[in-house]
Amino acid sequence: MGDIAFDFEKESDVFEFVVKKGHGVKGLADTGLTTVPARYIHPPSERIDRKDTIDSAPFLSAPIDISALLEEGDNVDNEKKSEISKKLCEAAEKLGFFQVVNHGVSHEIMENAKRAAHIFFNLPRERKLAYSKQNSPCPTHVFCGTSFSPQAEKALEWKDYLSMVYIFDDEHVRKFWPEECRDAAVAYLKSANSMILAMLSALLKGLGVEIDEATIRSFTDARAVNMNYYPPCPNPDLTVGVGRHSDLAALTILLQDDIGGLFVRAQDKGWIEIPPVEDALVINVGDTLEILSNGRYKSAEHRALASNTKARVSVPIFVSPIPPTTIGPLPGLAEKDGKTVYRQMLFGEYMENYFRNGHQGKATLDFAKA
C-alpha cells in the first residue's frame, strides 16, 4: 500500500490508516480483513439485529404517488392534490418517514446517481484524498470523509461519504465537484427540485398557518447531495453503517439501492426496516422541519446496517436553509398549539451544535427546546 505496516488490532493504527492517511473504511475492507477491528465494534445496545425489528405495517404507509402534486397549469386536480398533501402530513406526523413514487426523477437518473457513487469510491485513494477536508479545492462545499465525526466518536461507523453542497451555480459545480460523479449528482439534484418544493410547501401549509412561497423557498436554499458508501463488512452484526441519529435538514430525499439496511425508530415501539421499493424515493423529516412545525412533524431517529456480501450505496439530498436563516416554530403555530416546543435561533447555531458531537439519537434537538 506504500504505507508503513499497520496493526489493525491497535485502535490508534486503525485511526491512522482510515482517517489520517485517508484510506477510509473502503481501504480497510480492501485489505481483506476477516473480522471488524475493535475501533469499529459498537456496544450491544447500539448494534442492529434484523431479528429485533417489528412489523412496519402499523407505521409505514404504502408508497405515496405524488404525481398530482407536481402538476401545474389548467389541468390541476385540486382535490387529488389536497388528498396527497393530507397523506404526506399524516406520514410526517406519524413516523417522519415515507416513500414516494411518480416523483419526477427518472429511473435513468437514479441509476446513474447510484453508479456514480460506486465509481467515485472505487477511485484510487490519492484521487479521493484530493477531496478530503484538508485538500478540497472548496472545503466548505465539497468534501469526502469517513464515519460521521471520527475525532468525537468512541466507535467508528462503517461508511465513507462524499458531500457536495449546491448553493451557488453550475459554474461552481463544474469547477469544484469531482468530475467522476458531478454530472450524475447535479442531474439528480435538479430533477428533484420540483418535488422538494411541492412536498415542503404541502407540509408547511398543512400546519394550518399562513406562509408565503418566498419563506418556503428560504428553507431550501442549501441543498447537499451526499454519496454514501458502505463496503462489504465481515461482521455487520458488531458495527453500524450509520449510528442512531435524526437528520439536521428540513427534508431528506434518499435514494437507496436494492440491498436494504435502513432502520427507523417507530415511536417508542421499536425499529422497523424501510424496504427498498424500485424507483421509490425515501423521504424523511429532519430536525429543522420538526422545529418549524413546533414538534408536530417528527424527525425520526434512524440508522443503517452494512452488508457482509456487497458494497451498499445510498444517495441522499439534504434540503436546508442557509446558516443566517432564522428557524423556529412558524408564526401563529405556538398559539394554535397552545404551547411553544422550540425556540427561535439561527440555523447556523443549530448546525454548529449538531456537528459538534458524534451521532446521539435525537438528543441534538434538546439544544432547540424552548
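All of these numbers come straight from a predicted model, not from anything done at the bench.

Engineer: Give a description of the packing of helix α3 (residues 78-94) against helix α7 (residues 182-205) that names residues and reports values.
Structural biologist: Where α3 meets α7, the axes come as close as 9 Å, and the angle between the chain directions of the two elements is 75 degrees. One finds that α3 runs roughly perpendicular with respect to α7. Listed contacts from α7 to Ser85, Leu88, Cys89 and Ala92 of α3 are Met199, Ala202 and Leu203.

Engineer: An account of the environment of alanine 249 is requested, with residue identities and associated values reported.
Structural biologist: Its location among the elements puts alanine 249 in the loop between β6 (242-245) and β7 (251-256). The sequence separation of alanine 249 and histidine 107 amounts to 142 residues, and the corresponding C-alpha distance is 25 Å. Excluding anything up to four places from it in sequence, alanine 249 contacts Gly286, Asp287, Thr288, Leu289, Phe318, Val319 and Ser320.

Engineer: Before we move on, can you summarise helix α11 (residues 347-354) with the specific residues and values?
Structural biologist: Of all the positions in α11, only Phe347, Gly348, Tyr350, Asn353 and Tyr354 are classed as buried. Residues of α11 that are buried sit in contact with β6, α9 (287-292), β12 (312-320), β13 (326-327) and β14 (345-346).

Engineer: Report on the pattern of salt bridges, specifying residues and quantitative values.
Structural biologist: Tallied over the entire structure, the rule returns 19 salt bridges. As a salt-bridge pair, arginine 50 and glutamate 273 come within 2.8 Å of each other at their nearest N and O atoms. Note that arginine 50 is positioned in the loop between α2 (24-29) and β1 (64-65) and glutamate 273 in strand β9 (residues 270-273), a separation of 223 residues in sequence. Using a relative accessible area of 39% as the deciding quantity, one classes arginine 50 as partly exposed. Exposure remark for glutamate 273: the relative accessible area of 21% places this residue in the partly exposed category. By sharing partners, the salt bridges in this structure join Glu46, Arg244, Arg265 and Glu301 into a single network.

Engineer: Residue-level account of the sheet that holds β6, with values.
Structural biologist: Strand order in the open sheet made by the four strands is β6-β11-β8-β9, with antiparallel pairing throughout. The open sheet is flanked by β6 and β9, the only strands paired with a single partner. Strand-to-strand twist across the sheet, computed as the mean angle between neighbouring axes with direction ignored, equals 20 degrees. Direction of pairing for β6 relative to strand β11 (residues 302-304): antiparallel, over a ladder of two bridges. From the neighbouring strand, histidine 245 faces β11, where its bridge partner is histidine 302.

Engineer: Describe the pairing of strand β4 (residues 160-166), with residues and values.
Structural biologist: In terms of burial, β4 is a largely internal element, seven of the seven residues being buried. Pairing between strand β3 (residues 142-146) and β4: five bridges, direction antiparallel. Looking at β4, one finds that cysteine 144 is bridged to leucine 162. Across seven bridges, β4 lies against strand β5 (residues 222-230) in antiparallel orientation. The residue bridging valine 165 from the neighbouring strand is alanine 224, located in β5.

Conventions we followed
- Residues numbered from 1 in each chain as written.
- Predicted model: local features only at pLDDT ≥ 70, side-chain atom pairs only at ≥ 80, totals over all residues.
- Heavy atoms only, no water.
- Axes fitted to C-alpha atoms, helices over the stretch in contact; angles between N-to-C directions.
- Helix = DSSP H or I, 4+ residues; strand = E, 2+ residues; numbered from the N terminus.
- Parallel < 35°, antiparallel > 145°, perpendicular 65-115°, else oblique.
- Contact = heavy atoms within 4.5 Å.
- Buried < 20%, exposed > 50% of the residue type's maximum accessible area, 1.4 Å probe, protein only.
- Salt bridge = Lys/Arg side-chain N within 4 Å of Asp/Glu carboxyl O.
- Pairing = 2+ DSSP bridges.

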